[in-house]
Structures are given as C-alpha cells and as structure tokens.
Amino acid sequence: MAIRVLTIFGTRPEAIKLAPVIKELAAHEGLIASRVCVTGQHRQILDQVLDLFSIKPDIDLDTMRPGQDLTGIMVSALLGLKDVLRAERPDIVLVQGDTATCFAAALSAYYEQIPVGHVEAGLRTGDLYSPFPEEGNRVMTARLARWHFAPTEEARRNLLAEGIKDDAIRVTGNTVIDALIHVRGTLPALAPERLSAALGKAAYERLLAAKEIVLLTAHRRENFGPGLATIFGAVRDLAKARPASLIAFPVHPNPNVQEPAASILGGLGNVLLLPPLDYQIFVWLMNRSALIMTDSGGIQEEAPSLGKPVLVLREVSERLEAIEQGSAALVGAKSAKITQEAARILDDAQNKLNDLIEKNPFGDGLASKRIVNALIAALRN
Ligand code: UD1
Ligand code: UDP
C-alpha cells in the first residue's frame with residue numbers, strides 16, 4: 001500500500017521551501033500518496049507561490065485574518081487541523097521550518113499520534129526571543145518530530161546537543177536552493193510584459209534604468225516598532241547619501257510593516273515601495289541587485305547562489321554559514337552600522353563576492369530528493 005504523506009504549511013516561505021518536496025513526492029506516485037493541506041495563515045502571498053508552482057491544495061483551512069495575533073493563528077490552525085488529521089489519517093505529516101503553522105501542525109499530529117517529519121530542522125540562535133516566535137517554534141517542533149531533515153551539519157549538531165538521536169537526523173541541504181535553482185532557470189524566458197505587469201510599468205522601467213539597485217525586505221516580529229523605525233531611518237539616510245542608487249522594497253503585507261514603511265520611506269524619490277512580489281519576479285530582482293538588506297531567513301540562504309552580498313538586519317542569526325563564508329554580515333537594527341556597511345559593500349568595486357562564492361553553504365539543489373528517499377527508506381522499515 002502507498003505511504004500516505006500529508007504536507008501541511010501556511011505561509012510564503014514554507015510554500016517556497018516545500019514546493020520542491022511536493023514535486024518530488026508526486027514523482028513517486030504509486031509508492032507515495034501525497035496530499036497537501038494549507039492552513040492559509042497567509043493568503044495572497046501564499047497563493048502567489050501556489051500559482052507559480054501549480055500546487056492545488058487538497059485542503060485549505062483559509063484561516064488568515066487581518067492583523068491576526070499568535071494565539072489566534074494557533075487556535076484556528078489547531079481546531080482546523082484536528083478535523084483534517086482525523087479525516088485523512090496520514091502515515092506521516094510533513095512540516096517545514098518555524099512558523100506558527102509549522103508548530104501547530106506538529107502539535108496536532110502529535111495529539112493524533114501521527115509521526116512528524118520536520119524539514120529545515122535544527123536552526124538555532126539560542127535566544128528564544130530572537131527570532132520571535134520562530135526560535136520557540138523550532139525547538140518545540142523538534143521535540144515532537146520523528147524525522148529531522150537538517151539543512152546543514154551545523155543544524156545537525158544543534159539537534160544532537162538537544163538530545164535528538166543521530167539516526168533520526170538526515171543532513172539534506174535546504175530545499176530553498178532546489179526551489180531557487182528551478183526558478184533561476186526560468187528567468188531567461190521571463191517575458192518583459194510579465195515583469196512590467198507584476199512590478200508596474202513605471203517601476204519596471206526604473207529598475208531597468210537603475211545604475212545600482214539595493215534590495216530591501218524587513219518583517220520580523222522582534223523588529224516591530226522601534227527596530228523597524230531604526231532600520232527604515234537608516235535606509236532613508238542611505239537613499240539620501242546615494243542619490244544614484246535605487247532602493248527597491250517589496251513591502252510585506254503585515255500592517256506592522258506597511259505603516260512605518262509608508263510613513264518613513266514613502267516620500268523618497270529613490271526608494272521604490274513595491275507590493276509583495278511573486279517568487280519568480282523576486283528572484284529576477286535579487287539577481288539584478290548589488291546588495292540585499294534583509295531580516296528574512298530564506299533570502300539569506302538564497303543570496304549566495306546568486307552571488308549577492310547580504311546585510312542581515314538582525315541582532316543574532318541561526319544561519320552562521322553565510323556569515324562565516326563572508327557573503328553576509330550581521331548589522332542588527334543599528335542605524336550607523338547599517339549605513340556604513342552598506343556603503344562599504346557598494347563602494348567595493350562591484351565587490352569581490354563573485355570570486356568568493358563558489359558554492360552555497362545551505363544546499364546544492366538535491367535536498368528534496370534526499371528527504372523523500374530518506375522518508376521512503378524509513379517508512380519501509
Ligand atoms: C509569518 C511567520 C514568520 C515568517 C513570515 C514570512 C509566524 C508567527 N510568523 O509572519 O515566521 O517569517 O510569516 O513572511 O508564523 N497578511 C496579508 N496577506 C498575506 C499575508 C499576511 O494581508 O498574504 C497580513 C495580515 O494582516 C496578517 C498579517 O499580515 O494578519 C500577519 O501575518 P502573520 O502570518 O501573522 O505574520 P507574518 O509577519 O506574516
Ligand atoms: N520572497 C518573495 N517575494 C517577496 C519577498 C520575498 O517571493 O516579495 C521570497 C524570498 O525569495 C524567500 C522567501 O520569500 O524565498 C522568504 O520569505 P519571507 O521573507 O516572507 O520569510 P522568512 O524567510 O523570513 O521566514
């Protein structure tokens with residue numbers, strides 16, 4: 001009988017990172033019966049990814065509410081998932097990463113005594129409040145998971161240090177690199193009309209004409225309020241100091257980001273506030289950028305594959321591999337550090353990063369195959 005795998009996710013990064021896994025599960029039709037459930041913790045930016053990868057969820061709990069809080073997300077996900085798991089009775093539930101949906105799905109599966117496979121297991125900063133609540137979600141998901149798919153050796157060591165047994169861990173690489181390699185391969189065929197429609201004609205033309213693009217994203221909860229105000233203030237200083245640069249900022253739909261972005265950066269001529277971009281368009285934009293400033297996890301992992309330097313707008317990182325490699329620098333939410341480091345990298349004659357980055361420390365594009373092969377082997381036993 002086929003192995004019944006239910007993959008559960010809810011947000012943009014989970015969708016991007018699970019899309020190649022879902023594709024790989026589907027390639028084993030007959031051996032694996034793959035089903036997909038989305039909590040809909042995100043809506044528009046989740047649907048962008050589902051459309052791009054042609055994923056049609058079997059179940060959609062449609063839980064997103066404007067301005068939702070952590071308790072609200074957890075309660076609606078847990079209630080919805082209980083019924084889903086009782087109806088589906090999968091042999092295994094697959095979850096990804098560190099979001100509220102990830103932890104809710106692992107907890108629901110635990111309550112129904114269904115084993116959990118955790119993709120992107122073992123990332124740790126050691127600080128439960130940074131990133132918040134992701135660090136807590138990772139730790140709690142690891143306690144409940146049966147199989148841990150660690151992206152790197154560092155992640156494996158973190159799991160071992162918490163008492164997870166070696167034979168429950170597989171180092172696979174990060175599936176985001178599988179997704180990125182696939183999408184990067186579609187860029188040559190990306191029609192200008194599609195770019196123009198997605199970005200808006202005026203923004204597209206400005207991006208094409210720009211001498212130097214700095215790409216910005218910011219959305220971490222622990223930065224809400226003073227942190228984002230400082231980051232956006234530093235970006236404003238950078239924009240004024242480098243009038244020939246164009247700072248492109250696809251703004252996350254969270255109102256806690258939208259409002260300060262509009263009020264602090266809204267009136268600046270060389271700051272382009274964009275809607276959240278579908279992943280293919282976003283990869284196109286990353287590829288054109290001279291520097292990426294971000295507090296996103298996934299973008300830190302993707303940047304080395306595109307040869308792009310990253311300033312990490314966080315106090316601590318769970319992705320030390322990029323910092324050790326020299327492709328990323330931690331600047332926190334500190335105004336002077338952000339502007340100084342940005343100027344240093346941009347002035348470094350198109351930086352020597354292309355020489356520096358020979359391989360991506362986070363993955364090689366084969367993570368999804370390793371995960372699915374490991375699952376098949378484990379479940380056959
Ligand atoms: C969530 C995750 C975070 C992840 C991030 C990726 C949690 C607790 N947080 O944070 O780990 O890094 O996603 O983007 O799981 N909204 C929309 N449309 C959308 C998505 C969001 O309007 O498609 C708005 C809604 O008002 C929503 C709010 O953003 O209530 C916040 O969404 P939420 O999922 O709670 O938090 P994120 O900040 O997106
Ligand atoms: N991303 C995207 N469109 C955007 C911004 C980001 O497709 O406008 C992609 C990005 O390339 C990465 C992922 O979304 O793969 C990161 O998601 P996000 O920053 O929301 O979450 P995090 O990685 O911080 O959890």
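Residues numbered from 1 in each chain as written. Chains lettered and ligands numbered in written order. Predicted model: local features only at pLDDT ≥ 70, side-chain atom pairs only at ≥ 80, totals over all residues. Heavy atoms only, no water.

Caption draft 1: Highlighting the overall build of the protein. Along its length, the protein carries 17 helices and 13 strands. Since a compact globule built from 381 residues should have a radius of gyration of about 21 Å, the 20 Å found for the protein is in line with a globular shape. Overall, the C-alpha framework of the protein stretches about 60 × 40 × 35 Å when taken along its three principal axes. Long-range contacts, defined as pairs at least 24 residues apart, comprise 69% of the intrachain contacts of the protein with a sequence gap of at least 6. (Helix = DSSP H or I, 4+ residues; strand = E, 2+ residues; numbered from the N terminus. Rg over C-alpha atoms; globule rule 2.2 N^0.38 Å. Contact = heavy atoms within 4.5 Å.)

Caption draft 2: The arrangement of the pairing of strand β8 (residues 212–217) in detail. Of all six residues making up β8, six are buried, and the element is well covered by its neighbours. In β8, alternate side chains face the same way, and those of E212, V214 and L216 on one face and I213, L215 and T217 on the other are all buried. Bridge count between β8 and strand β9 (residues 245–250): four bridges; the pairing is parallel. Among the inter-strand pairings, E212 is bridged to a residue of β9, identified as S245. With helix α10 (residues 226–241) bridging β8 and its parallel neighbour β9, the resulting β-α-β unit is right-handed. Summarising the sheet, β8 and strand β11 (residues 291–294) pair through four bridges and their orientation is parallel. Among the inter-strand pairings, L216 is bridged to a residue of β11, identified as M293. (Buried < 20%, exposed > 50% of the residue type's maximum accessible area, 1.4 Å probe, protein only. Pairing = 2+ DSSP bridges. Right-handed = clockwise from strand over helix to strand, strands pointing away.)

Caption draft 3: Representation of the state of the cysteines within the structure. In total, this model carries zero disulfides according to the counting rule given. We note that C37 lacks a disulfide partner, and the nearest cysteine sulfur, in C102, lies 13 Å from it. The class of C102 is buried, set by a relative accessible area of 0%. (Disulfide = S-S within 2.5 Å.)

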